[in-house]
Amino acid sequence: MKIQEIKIRSLRGIAEILTVPLHEKNGGPAQTTLIFGDNGAGKSSIVDAIEFLIRGQVSRRGVGGRKQRKELRNLFLDVPPAVIAKTDSGLLLARGDVKGVEEAKILKGRSTPEGIGSWPVAIRRQDVEEFWRVNDDRRLEFFYDYFLPAGSSFADEHRRAEAIRLHEEAVDDHLLALDRLEPYLGVWRGDIPEHVGAIKAFRAVLMRQNGLRKEERKELEYLVDDFEFTLIQRNHASGAAQAARNAQTIDLEGVAAALDSISGAVAEDFRCTTGLNWLSNVAFHVSNDGRLSVDLITTDGRVCDPRDILSEAYLDLLALMVIMDLHLALAKGTERRFVALDDVFQSVDAPLRQRALEHIVSRFEGWQLIITLHDGLWLKATTKIFEGAPSIRVLRIRNRGHGASPAILDERIGPLADVEGCIADNSRPVPLSMAAGRALESLCHELSFSWKVAVQRPLRDEYKLSYLWRILQPVLERSSDPALRQASLRLKTTQFIRNEAAHPNETAESLTDAEARQFADDVRTLWHRLSCQRCQRLVRSPQESGPWALQKSCGHSD
């Protein structure tokens, strides 16, 4: 199952209805969707919405690895959250305040869509960063959501028994406090308070009774305070105790078996990404009291704690591989084929990011990937990794201020995206010429760095198009490629259109469709002839004199 579109209302940073297209523009589900935006723009809120839809709950990791369950509803709307999603099979899934959507399958409580599984949808940055910061006796908590039966709250029998014991002690303390109040209850005609809200009236009646000496009144004040305190403690512990009595506990043997089944894959993934071939295997140890430890086995048989021999960057990467392989293992035999990577690569050092993403993409082949990013350079690198891959869509999300849902815009990919968009939209001459002029300026800028041409540094580094073109155009004229040479010759006399179209003047107003289209076609020809259409890498620098032939620098075939 894959998701084509999701509509969200009143959830975290999203107020009014926000529609997020997770499909290609032709209607089919996108294999990969990149969601790009600043911190706080609402990227994680979209991921939370998918998590809420599928599982009925959302949790994130805080400092020290502790789970944070924040308020789901948007604080500016006084309505419960609502999420509706359309799948690639045409099925509508809905959860929350979705009245009136009769054709949808309504998910309630912690129920999940049939055949999808109840483990988390997202791999989050906090999961990776906090994995190694917790002690062994708490690391298993990272996998509670993966292995606990729906509705369960406890990982083992010890924790379950502890919750029941704490409640029973709180009940005994409260009964004792009530017994101490017994001599003063003669004036009270109602039921003994069961909630804190009724304490105020209870206290007022008891304190108004006659015949109390100063010492007795002071003692009564203390006893009512003790009664209120023990009532709060009892009620606070009752929820956990009730859940403990009704819940199933986690199957530690099952967890150990699942982690053992992915140990070889984790080691292989880590080796492929880092090149550390001394690693033979990764061993997971789950004890009867719920402790989880991880060891690395070297090729010469040594057993090492990862924290003793790996850098922080490698530790984060190892944690990411563990969580990734667990997702893949749990998905076997289910219809779950989508995963969200929520800003997760910010946890991986820049030199490892590209290799990590390329490897993860290969491991999730055939899955629907939703990747959130906030770094513009990383977005550019990521789009290059996916260039040539089927069905990718890039969305830019913008924060519109407190109380308003973010705005989502399609992010065009590639240096000619705006030009192609203007042509597809049959735009008027001026916007088409402006888009083509920007693409030409971008090409000249890239060539001035990539090729061995002498470019004198201008004042304040303001490389204008006319300045760069004056240096590069003679080189293009020497090309042995006829299409490239002819386009550059025409642009020798038409490149001025770029500046004319940007300002109100008679030349701009008199531009014809044919002139603008020819200008745009020539710019497209330059880009297509001078760069690889798969990776956008420019051709090799030409020789300093005489005719020269185009030579790709990347090795890709046409």
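For clarity, every value in this text was computed on a predicted model and none was experimentally measured.

1. A short note on the overall build of the protein chain
Here is step 1 of the chain: Looking only at helices and strands, the protein chain features 19 helices and 16 strands.
Here is step 2 of the chain: Long-range pairs, those at least 24 residues apart, make up 66% of the contacts in the protein chain between residues at least 6 apart in sequence.
Here is step 3 of the chain: Working note: accessible area of the protein chain is about 27,900 Å², and carbon and sulfur atoms make up 48% of it.

2. Observations concerning the packing of helix 10 (residues 312-331) against helix 11 (residues 350-363)
Here is step 1 of the chain: Two elements in contact, helix 10 and helix 11, have axes whose closest approach is 12 Å; the angle formed by their N-to-C orientations is 10 degrees. The angle between the axes of helix 10 and helix 11 places the two elements in the roughly parallel class. Contacts from A313, Y314, L317, L320, M321, M324, D325 and L328 in helix 10 reach L352, A356, H359, I360 and R363 in helix 11.
Here is step 2 of the chain: The class makeup of the residues in the contact of helix 10 with helix 11 is ten nonpolar, one polar and two charged.

3. Considerations on the pattern of salt bridges
Here is step 1 of the chain: Taken as a whole, this structure holds 34 salt bridges when the rule is applied.
Here is step 2 of the chain: Here R203 makes a salt bridge to E221, at a shortest N to O gap of 2.8 Å. Here the residue R203 occupies a position in helix 6 (residues 199-207), and E221 occupies one in helix 7 (residues 214-246), the gap between them amounting to 18 residues.
Here is step 3 of the chain: Under the relative-accessibility criterion, R203 is labelled buried at 17%.
Here is step 4 of the chain: Residues R363 and D325 are paired through a salt bridge, measuring 2.6 Å at the closest nitrogen-oxygen approach. Taken as a pair, R363 in helix 11 and D325 in helix 10 lie far apart in primary sequence, 38 residues in all.

Calculation criteria
- Counting restarts for each chain: residues are numbered from 1 in the order of the written sequence.
- Where local features are concerned, this predicted model is filtered to residues with pLDDT of at least 70; where side-chain atom pairs are given and counted, the filter is 80 or more; whole-chain, interface and lining totals use all residues.
- Working from all heavy atoms in the structure, the side-chain values ignore hydrogens and water.
- Only runs of H or I of at least four residues qualify as helices and only runs of E of at least two qualify as strands under DSSP, and these elements are numbered from the N terminus.
- Contacts are residue-level and defined by heavy atoms, with any inter-residue pair within 4.5 Å sufficient.
- Calculation of accessible area relied on Shrake-Rupley with a 1.4 Å probe; when residues are assessed, cover is drawn exclusively from the protein chains displayed.
- Under this scheme, a helix contributes an axis fitted over its contacting stretch, all axes are lines through C-alpha atoms, and angles between N-to-C directions fall in the 0 to 180 degree range.
- Our angle categories are set so that under 35 degrees counts as roughly parallel, over 145 as roughly antiparallel, 65 to 115 as roughly perpendicular, and the remainder as oblique.
- Polarity classes work like this: nonpolar for Ala, Val, Leu, Ile, Met, Phe, Trp, Tyr, Cys and Pro, charged for Asp, Glu, Lys and Arg, and polar for all others, with Gly in that last group.
- We count a salt bridge whenever a side-chain nitrogen from Lys or Arg sits within 4 Å of a carboxyl oxygen from Asp or Glu.
- Buried, partly exposed and exposed residues are distinguished by accessible area as a fraction of the type maximum, computed with a 1.4 Å probe on protein chains only: under 20%, between the cut-offs, and over 50%, respectively.

Shape is all these values report; function is a separate question.
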